[in-house]
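# Structural characterization, general
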Amino acid sequence: MSIANDKDRIPLYCSWVFIVIVTALIWPLGAFLAWKRGQFSRKTCLNLGLISMVFGALFMVGAVTVAYLLGDSYMAYCAIYGISGVVFARMGYEGYKKSKTYRRVIFEVEDEGTLMVPMLADEIGMPEVDMIKTLEAMMKRNLLPDYELARNNKKLVKK
């Protein structure tokens, strides 16, 4: 799968160094910036589910660590961290499942050259209607920047 280098499109506030520093200081803002980076980078967009699962696991480990080290006086803090961790991990898992489908579609379109939507749906193993919705979502996220759906939604055409 060919994923182009998007370094020129990514603003400074979405660089990984900046995101790590902000996450260490203000974790909700760091999580938001990681999500925001997915809008600029195709590779990050496809890995956003995994990144979210890692954030969730870190939040849950943080909650357990704080509860163990500081005791009962910080239980509200631990609850917020724990619940945030579970939410991030669950959202990440759903995003991870979607990204696996997106990667298969990108492989079929860009590397194999499958441009007919019914053939693409057969290769991926999903109904044609769901494939059209998936392709529209991918184009909205700019995961297939060089392609667009034809007027009758039966074929992908190169721009």
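For the structure, check the block above.
These notes cover the structure that comes with them. (Residues numbered from 1 in each chain as written. Predicted model: local features only at pLDDT ≥ 70, side-chain atom pairs only at ≥ 80, totals over all residues. Heavy atoms only, no water.)

### Considerations on the overall build of the protein chain
Counting its regular elements, the protein chain contains 6 helices and 2 strands. Listed N to C, the secondary structure of the protein chain is α-α-α-α-α-α-β-β in terms of helices and strands. Compactness check: the protein chain gives a C-alpha radius of gyration of 19 Å against a globular reference of 15 Å for 159 residues, more than 25% above the reference. Summarising its shape, the C-alpha atoms of the protein chain cover approximately 60 × 35 × 25 Å along the three principal directions. For the protein chain, with 159 residues in total, the buried portion stands at 34%. Sequence separation of 24 or more characterises 52% of the internal contacts of the protein chain that already satisfy a separation of 6 or more. Entry remark: accessible area of the protein chain is about 9,800 Å², with carbon and sulfur atoms responsible for 63%. (Helix = DSSP H or I, 4+ residues; strand = E, 2+ residues; numbered from the N terminus. Rg over C-alpha atoms; globule rule 2.2 N^0.38 Å. Buried < 20%, exposed > 50% of the residue type's maximum accessible area, 1.4 Å probe, protein only. Contact = heavy atoms within 4.5 Å. Areas by Shrake-Rupley, 256 points an atom, 1.4 Å probe, with all protein chains shown as cover.)

### A few points about a negative patch on the surface
Among the surface-exposed residues, Asp111, Glu112, Asp122 and Glu123 lie close enough to one another that they form a single negatively charged patch. One can find Asp122 in helix α5 (residues 117–124). (Patch = residues over 30% accessible without salt bridge, like charges linked within 9 Å, V, L, I, M, F, W, Y side chains within 5 Å. Salt bridge = Lys/Arg side-chain N within 4 Å of Asp/Glu carboxyl O. Lys, Arg positive; Asp, Glu negative; His and termini not counted. Charge placed at Lys NZ, Arg CZ, Asp CG, Glu CD.)

### A short note on unusual backbone geometry
Of note in this structure, Asn142 is not a glycine but carries a positive phi near 65°. Phi is positive for Asn153, which is not a glycine, with a value near 60°.

### Topic: the packing of aromatic side chains
Throughout the structure, instances matching the rule amount to 5 aromatic pairs. Ring geometry for Phe59 against Tyr81: centres 5.7 Å apart, planes inclined by 80°, an arrangement best described as edge-to-face. Taken together, the residues Phe59 in helix α3 (residues 42–70) and Tyr81 in helix α4 (residues 75–111) connect sequence positions 22 residues apart. Tyr81 carries the same exposure label as Phe59, and that label is buried. On the numbers, 5.3 Å between centres and 80° between planes, the contact of Phe59 with Phe88 is edge-to-face. With Phe59 in helix α3 and Phe88 in helix α4, this residue pair connects regions lying 29 residues apart in the sequence. Members of the aromatic cluster, each reached through a chain of ring pairs, are Phe55, Phe59, Tyr77, Tyr81 and Phe88. (Phe/Tyr/Trp six-rings, centres within 6.5 Å; stacked < 30°, edge-to-face > 60°.)

As far as function goes, none of this settles anything; it's purely spatial.
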